[in-house]
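# Structure assessment
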4 protein chains.
Amino acid sequence: MIVVIKPNTVDEDVQRLIRMIEAQGVSIHYSKGIDHTILGIVGDTTLVDVEKIRSNQIVENVLHVQEPYKKANRLFHPDDTIIDVKGRKVGEGTISIMAGPCSVETEEQIVSIARSVKESGATFLRGGAFKPRTSPYAFQGLGYEGLDLLKIARKETGLPIVSELMSLEQLPAFEDVDIIQVGARNMQNFILLRELGKIDKPILLKRGMCATMKEFLMSAEYIMKEGNEKVILCERGIRTFETATRNTLDLSCVPVLKKKSHLPVIVDPSHGTGLSWTVEALSKAAIAVGADGVMVEVHNNPEEALCDGEQSITPAQFDKIMKTLKKYAEIENKVM
Amino acid sequence: MIVVIKPNTVDEDVQRLIRMIEAQGVSIHYSKGIDHTILGIVGDTTLVDVEKIRSNQIVENVLHVQEPYKKANRLFHPDDTIIDVKGRKVGEGTISIMAGPCSVETEEQIVSIARSVKESGATFLRGGAFKPRTSPYAFQGLGYEGLDLLKIARKETGLPIVSELMSLEQLPAFEDVDIIQVGARNMQNFILLRELGKIDKPILLKRGMCATMKEFLMSAEYIMKEGNEKVILCERGIRTFETATRNTLDLSCVPVLKKKSHLPVIVDPSHGTGLSWTVEALSKAAIAVGADGVMVEVHNNPEEALCDGEQSITPAQFDKIMKTLKKYAEIENKVM
Amino acid sequence: MIVVIKPNTVDEDVQRLIRMIEAQGVSIHYSKGIDHTILGIVGDTTLVDVEKIRSNQIVENVLHVQEPYKKANRLFHPDDTIIDVKGRKVGEGTISIMAGPCSVETEEQIVSIARSVKESGATFLRGGAFKPRTSPYAFQGLGYEGLDLLKIARKETGLPIVSELMSLEQLPAFEDVDIIQVGARNMQNFILLRELGKIDKPILLKRGMCATMKEFLMSAEYIMKEGNEKVILCERGIRTFETATRNTLDLSCVPVLKKKSHLPVIVDPSHGTGLSWTVEALSKAAIAVGADGVMVEVHNNPEEALCDGEQSITPAQFDKIMKTLKKYAEIENKVM
Amino acid sequence: MIVVIKPNTVDEDVQRLIRMIEAQGVSIHYSKGIDHTILGIVGDTTLVDVEKIRSNQIVENVLHVQEPYKKANRLFHPDDTIIDVKGRKVGEGTISIMAGPCSVETEEQIVSIARSVKESGATFLRGGAFKPRTSPYAFQGLGYEGLDLLKIARKETGLPIVSELMSLEQLPAFEDVDIIQVGARNMQNFILLRELGKIDKPILLKRGMCATMKEFLMSAEYIMKEGNEKVILCERGIRTFETATRNTLDLSCVPVLKKKSHLPVIVDPSHGTGLSWTVEALSKAAIAVGADGVMVEVHNNPEEALCDGEQSITPAQFDKIMKTLKKYAEIENKVM
């Protein structure tokens, strides 16, 4: 960590600041430039109260040399994290395919879709029971009943299930869900993250619509700090100025996230643009860019879907896409 | 609502779509252009399932003619909403001043600041007990103890208190808080909003860092739909590409929000840029642009603040600013 | 085009507006809703003065049904545009590889890089002579001498050359350049675009850092309107909130641009993130997502490069990447 | 400037880098941390080739301690720059009012508007002759004829004129224009900026739609470096996710720009939101926040304006606004 002192500061004030910082258990390298004096902080900088330094009147800026996350940082954990979910691996070397409808609607619907996507090679069944909707007048999901239907579909097909938890009081109902999804709007719901860090279950953490990679990894850190290191990162499109698509899928974050962190990275092309006809191209690109899997919305009748029909593909389209994806997984030497 | 049909669609498909839409209790105006056919939906369009229409294969686009919020919409509620908080008005015609520290630290600190800001003319005491922090390693607030200290300061000064609620399970502890604040990161925590709609207490709703005004008002709508119409909007800075400031305070949203909605609009200049030396200029501008008040961080010792010291001003600076703001309120013919 | 009339407008005013619009050679479909009256404009809407309608006091909004570009629009030109550059095709079915240094430095450097990249399979040589730099104190390129060196490298290798034109007065010197590049910062330099529309030479138009796809295609339209239809679109990364990378490469724009337009789309992964170690992953993803080629910065000694060394790969790395890209081109059934 | 070395770098490589940097005429402070080694560069860092350092394989990051602009930097030029334009001051202490139509249309129009705005107290006449338009099919301005009409209006009223130059070849025609405006889309047209630095005439430089303040000031630096220090900065709205307004006026940049630089800062509320009914509120706020003036679009018949009618106010509205602005200028102790 580097502290930049304002020009024309009297030396006495600098010395006082140095003593204040050193009292926090670190040491200081002092460097006097022509216009600016610089203090390099050496030691365990996570102990240091940055806010306090930054608020000091003689401080112009505090620069970070090192990423502020630790457990999620590849620097301290060079090996890839590979998460075992009911015998299926999620992480480097494997392409995981999480497929299913935006929202669970009926038993017939979810079981039928589950069977189709399993047949085509999906490894997980996704389905929303609780749906975050911008409008209070829109369909909000089946809730607890939706979770029950998902479990029926799991029983019928053996596919582990992924579903979104929206609020802490829903947690008991997710005890038997295989992967708990945290939605983009909850990426910085810190109290929720902290509690999810206390359970022993994989968490699929979606990137916030405007989050930087550092913020994304800091949210993973919130979970990991409490003990739960089974975090799967999921890029699902960021907000940009574009209006022709719902979001802009940021595929270029994948190699960067995988370099900075050891956690698995999954890509959701369906939310990425919100346009079903782009799903194939984006899924191929996700594998090519190094993602550990894709999460795809599949609906047996997109035109009648209660939610996000515009971005869902049919089981037949999914089957065709899977055949292509297998070729890409092969070039990448990955299991799919 | 307007539905744009794709070029070269056969008429039979258009007729089927028309029947599907009309079945939802609205009527259709049909208009055939050279390349595109257009359907105008007439009637109560909030009944219409937009997703379903958008997912139809023959539909190119659905355009909204009218804002999707109703209770927050000035079109249906032309008069300004003025909220009474313990005898103090918040809304058009009054400049409310909410001042206090980023986070409550000790009884001495909060009581002393409360006395100072009251002396200078503040009408509300703000103070954080639960603090959303990007890093899990940063100070997270005093929690319930912080709320107790705030209440002591209220007792000492008579200033109604404003504090942020981060999660539903904290709600019982806020029963005796005068205005409940919802932070920017929770602006789309829809379950939280819905529950806050069921209580009878003013909610200060902060705009999300990347939220459009429509999304902001839709979040207000979530609260109002359940019955609680005492919503105070608060602009606190949006995220832009700027790195010289923490956020970019969007003062230009104030006249637009006040035209589109009847709800009071407050501005938070402290979070707006994160730089204490801009607070005076931005507060003056907030009043000039038509805001109904400002929320300012004041700390007796910013250099020792446990949180956000960089953006806090001292009680002496606050006192000076208040004298200037009064002149602005006067020109605007507002009570302060 | 759809005109939304403000609520409570008297009918006489609406009739006057209708007459004004109809006088522009189009006809009107009139549709009266509960709160809003809507006018659908039928006919050649490019004749209509949108600004004038929008400024009318009774108009609430003007909605566009159809994209505002014509020559670049696939709707009016369903077949892919394939551009012939000295016998090499650029467009659907072919993967073009444009490789070379950020800036031309010496004859030895450019000839040596040209030979290497040709050997590895590149089809075009790129190299900057005029460099747009954020700082006036940074190296601004060799200028006209740089163009001469590029031509020597072309003579030595037979590779057609691509170079950036920064200002109209440089145009004569580009007469013998095979593809003229327009940089991201000039994407809306309308006078430059218009003049480039009057020559008969392929233009590689880079997307502005904050441009929407519609704006990007409107800039292509500026060139095409004057007669030059040989426009190659190039995605090179957009500005987002991310600070860990120089830009965010928007691969998801590729399928959308190719659907909306018939023009070739090239991807520049080097500028996309500014990090050389991401170039391989992003190039593979570019082919997988449907791009018609990639433009890659290659430098024989990135550490000594006068410009953008951080994002350049070595000829040896380029050679390795090319071998992988060929496998991807093969799956996609494209010539490379 | 601070160079952060990658973890686990061998000392020999660090020493080689130090020698390379020192060869550029600066000295190094070496500081070894637990994970990272840091080099502080002391001396005139503008001599240092940052790109070259950043491209070095052992370098993780280069952090800037000091702003990269010099002539525009208040650190080296503490006094406010006040520009004299035909006897009128632009800069700290004075509120300049630049008013007039988006585009010059006829002699009658421009003379009539000029007379009105002068009467109301405007100090400059603005009017566009060359108009940058997103669509090639939109009205592009009267061109050279427009400049002639502006000069007639100046002769009639004595108001100095401000008009936008779009391209270098137009420069001779601007010899007799009092302030040359550079539009937002040309803020990084570096060749244009450089040439404007060689003339002796005030330049009103508009901030790019997505430009940071640092980039804005670097563009001012391009002009100033060549000798022309008469640069007026103009905030005119930035692009955000908001769609209810054309742009988002960034009033919070004003105090920051005025602290970082000594140049005058003008605000353009008309382009700021694109909505004429917000101009009054935003103009008041501009003065309150510390701007040195406003640039306002005034049109005698906004509904018939050939350009931007939606954001223009009438002379009568302008007159009313001026009366209010004078009260604000008075509180701020500024001449208007």
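Residues numbered from 1 in each chain as written. Chains lettered and ligands numbered in written order. Predicted model: local features only at pLDDT ≥ 70, side-chain atom pairs only at ≥ 80, totals over all residues. Heavy atoms only, no water.

Between two packed helices, both the angle of their axes relative to each other and the distance between the axes serve to describe the pair. All names here are of chain D. Two elements in contact, helix α9 (residues 279-289) and helix α10 (residues 315-331), have axes whose closest approach is 9 Å; the angle formed by their N-to-C orientations is 20°. Classified by the interaxial angle, the pair formed by α9 and α10 is roughly parallel. Between α9 and α10 lies a crossing whose hand is right-handed. Residue-level inspection shows Val 279, Glu 280, Ser 283, Lys 284 and Ile 287 of α9 in contact with α10, the latter providing Lys 320, Ile 321, Thr 324, Leu 325, Tyr 328 and Ala 329. For the contact of α9 with α10, the per-class residue count stands at 6 nonpolar, 2 polar and 3 charged. (Axes fitted to C-alpha atoms, helices over the stretch in contact; angles between N-to-C directions. Helix = DSSP H or I, 4+ residues; strand = E, 2+ residues; numbered from the N terminus. Parallel < 35°, antiparallel > 145°, perpendicular 65-115°, else oblique. Left-handed = near helix turned anticlockwise from the far one by under 90°. Contact = heavy atoms within 4.5 Å. Nonpolar A, V, L, I, M, F, W, Y, C, P; charged D, E, K, R; others polar.)

Right, let's get into the interface of chain C and chain D. Contacts between chain C and chain D engage 46 residues on the former and 46 residues on the latter. Together, the buried faces of chain C and chain D total about 4200 Å²; carbon and sulfur atoms form 52% of this surface. Considering only the surface of chain C that becomes buried against chain D, C:Pro136, C:Tyr137 and C:Glu303 emerge as the three largest contributors, covering 16% of it. Across the contact surface, chain C and chain D share 3 salt bridges. Put simply, C:Glu215 and D:Arg239 hold a salt bridge, and the shortest N to O gap is 2.4 Å. Remark: the boundary between chain C and chain D carries 16 residue pairs in polar contact (both at pLDDT 80 or more). (Buried area = accessible area lost by both parts, 1.4 Å probe. Salt bridge = Lys/Arg side-chain N within 4 Å of Asp/Glu carboxyl O. Polar contact = N/O pair within 3.5 Å; in protein donor to acceptor, adjacent residues only side chain to side chain.)

Turning our eyes to something else, we now look at helix α9 (residues 279-289) of chain A. Burial within α9(A) is extensive, with 10 of its 11 residues counted as buried. Of all the residues in α9(A), the buried ones are A:Val279, A:Ala281, A:Leu282, A:Ser283, A:Lys284, A:Ala285, A:Ala286, A:Ile287, A:Ala288 and A:Val289. (Buried < 20%, exposed > 50% of the residue type's maximum accessible area, 1.4 Å probe, protein only.)

Glancing now at the nonpolar core. Judged by nonpolar contacts, the single largest core of 309 residues is most densely connected at A:Phe318, B:Phe318, C:Phe318 and D:Phe318. Among residues more than four places away in sequence, those in contact with C:Phe318 are C:Ile97, C:Ala99, C:Val117, C:Ser120, C:Ala122, C:Val296, C:Val298 and C:Ile313. (Core = buried A, V, L, I, M, F, W, Y, C linked by side-chain atoms within 4.5 Å.)

Since the α-helix packs 3.6 residues into each turn, any two residues three or four apart lie on the same face. For helix α3 (residues 107-120) of chain C, which comprises 14 residues, the first-to-last C-alpha distance of 20 Å matches the rise-based estimate of 20 Å (1.5 Å per residue) to within 8%. Of the residues one or two after α3(C), C:Gly121 is the one with positive phi, at around 115°. (Expected span 1.5 Å × (residues − 1).)

With that settled, consider the relation of the copies chain C and chain D. Superposing the two chain copies requires a rotation about an axis and a translation along that axis. Superposition record for chain C on chain D: RMSD 0.0 Å, screw rotation 180°, translation along axis 0.0 Å. On this basis, the relationship between the two copies can be described by a two-fold rotation axis. Judged by C-alpha distance, C:Cys210 is the residue of chain C that lies nearest the rotation axis, at 3.4 Å. (Least-squares fit on C-alpha atoms with pLDDT ≥ 70 in both.)

Let us look at the interface of chain B and chain A. Taken together, the contact pairs 46 residues of chain B with 46 residues of chain A. In total, about 4200 Å² of surface goes out of reach between chain B and chain A, with carbon and sulfur atoms giving 52% of it. Applying the counting rule to chain B against chain A returns 2 salt bridges. Run the count over chain B and chain A and you get 16 residue pairs in polar contact (both at pLDDT 80 or more). When residues of the side of chain B that touches chain A are assigned to their parent elements, the largest contribution, 5 residues, is made by helix α6 (residues 213-225) of chain B. Of the residues contributing to the side of chain B that touches chain A, the split by class is 16 nonpolar, 13 polar and 17 charged.

All names here are of chain A. Spatially, 4 strands are ordered β2-β3-β1-β4 in an open sheet, and the strand pairing comes out antiparallel. Each end of this open sheet is capped by a strand with a single partner; those strands are β2 (27-32) and β4 (59-63). Averaged over all neighbouring strand pairs, the angle between strand axes comes to 20°, with direction disregarded. Packing against the sheet, helix α1 (residues 11-22) makes contact with β1 (2-5), β2, β3 (37-42) and β4, and its axis sits at approximately 155° to β2. (Pairing = 2+ DSSP bridges.)

Once that is clear, we can look at the sheet that holds strand β4 (residues 59-63) of chain C. All names here are of chain C. Strand order in the open sheet formed by 4 strands is β2-β3-β1-β4, with antiparallel pairing between adjacent strands. Lying at the two open borders of the sheet, with one neighbouring strand each, are β2 (27-32) and β4. Taking the axes of each pair of neighbouring strands and ignoring which way they run, one obtains an average angle of 20° across the sheet. Note: strand β1 (residues 2-5) against strand β3 (residues 37-42), 4 bridges, orientation antiparallel. The residue of β3 that forms the bridge with Ile 2 is Gly 40. Across the sheet, helix α1 (residues 11-22) touches β1, β2, β3 and β4, and the angle it forms with β2 is around 155°.

Residue and element names in this part refer to chain C. With 5 of 5 residues buried, strand β7 (residues 96-100) lies mostly within the body of the structure. Burial along β7 is two-sided: the face carrying Ser 96, Met 98 and Gly 100 and the face carrying Ile 97 and Ala 99 are both buried. Both β7 and strand β14 (residues 293-297) contribute to a ladder of 5 bridges, which runs parallel. When the sheet's bridge partners are listed, Ser 96 is paired in β14 with Gly 293. In terms of strand pairing, β7 meets strand β8 (residues 124-126) through 2 bridges, oriented parallel. Among the inter-strand pairings, Met 98 is bridged to a residue of β8, identified as Phe 124. Regarding topology, α3 serves as the crossover connection from β7 to the parallel β8, and that connection is right-handed. (Right-handed = clockwise from strand over helix to strand, strands pointing away.)

A few words on the pattern of salt bridges. Within this structure, the stated rule accounts for 93 salt bridges over all chains. Close ionic contact of A:Glu67 with A:Lys260 constitutes a salt bridge, the shortest N to O distance being 2.7 Å. Of this pair, A:Glu67 sits in the loop between β4 and β5 (83-85) while A:Lys260 sits in helix α7 (residues 253-260), and the two are 193 residues apart along the sequence. Residue A:Glu67 is classed as partly exposed on the basis of its relative accessible area of 24%. Using a relative accessible area of 23% as the deciding quantity, one classes A:Lys260 as partly exposed. Between B:Lys258 and B:Glu92 there is a salt bridge, with the nearest N and O atoms lying 2.7 Å from each other. In this pair, B:Lys258 sits in helix α7 (residues 253-260) while B:Glu92 sits in the loop between β6 (88-90) and β7 (96-100), placing the two residues 166 residues apart along the sequence. Given the relative accessible area of 31%, B:Glu92 is considered partly exposed. Because the salt bridges share partners, they merge into one network encompassing A:Lys86, A:Arg154, A:Asp176 and A:Asp178.

In this section: the domain arrangement of chain A. Domain parsing of chain A yields domain 1 (2-63) and domain 2 (74-331). The distance between the C-alpha centroids of domain 1 of chain A and domain 2 of chain A comes to 43 Å. (Domains from an automatic or database assignment.)

The next point concerns the packing of aromatic side chains. Scanning the entire structure with this criterion turns up 18 aromatic pairs over all chains. Considering the side-chain rings of A:Tyr328 and C:Tyr328, the 5.4 Å spacing of their centres and the 45° angle between planes classify their relative orientation as tilted. Placement of A:Tyr328 in helix α10 (residues 315-331) and of C:Tyr328 in helix α10 (residues 315-331) is noted, with the two residues assigned to different chains. Note on accessibility: A:Tyr328 and C:Tyr328 belong to one class, buried. Between the NZ or CZ atom of A:Lys70 and the centre of the ring of B:Tyr137, over which it lies, the distance is 4.9 Å. Positioned above the aromatic ring of A:Trp277 is the side chain of C:Lys259, whose terminal nitrogen or guanidinium carbon lies 4.1 Å from the ring centre. (Phe/Tyr/Trp six-rings, centres within 6.5 Å; stacked < 30°, edge-to-face > 60°. Lys NZ or Arg CZ within 6 Å of the ring centre and 35° of its normal.)

This next bit is on the environment of D:Ile82. Residues and elements named next belong to chain D. Position of Ile 82 among the secondary structure elements: in the loop between β4 (59-63) and β5 (83-85). Distance from Ile 82 to Thr 273, taken between C-alpha atoms, is 28 Å for residues 191 residues apart in sequence. Those residues within four positions of Ile 82 in sequence are excluded, and the remaining contacts are Lys 89, Val 90, Gly 91 and Glu 92.

Take the state of the cysteines next. One pass over the full model with this rule turns up 0 disulfides over all chains. In this structure C:Cys253 is not part of a disulfide, and its nearest cysteine sulfur, from C:Cys234, lies 9.4 Å away. (Disulfide = S-S within 2.5 Å.)

A separate point is the packing of helix α3 (residues 107-120) of chain D against helix α4 (residues 144-157) of chain D. Residue and element names in this part refer to chain D. Interaxial distance between α3 and α4 falls to 9 Å at its minimum, and their mutual angle equals 40°. Along this stretch, α3 crosses α4, giving a crossing that reads as right-handed. Residue-level inspection shows Glu 107, Ile 110, Val 111, Ala 114, Arg 115 and Lys 118 of α3 in contact with α4, the latter providing Leu 149, Leu 150, Ile 152, Ala 153, Glu 156 and Thr 157. When the residues that make up the contact of α3 with α4 are grouped by side-chain class, the tally is 7 nonpolar, 1 polar and 4 charged.

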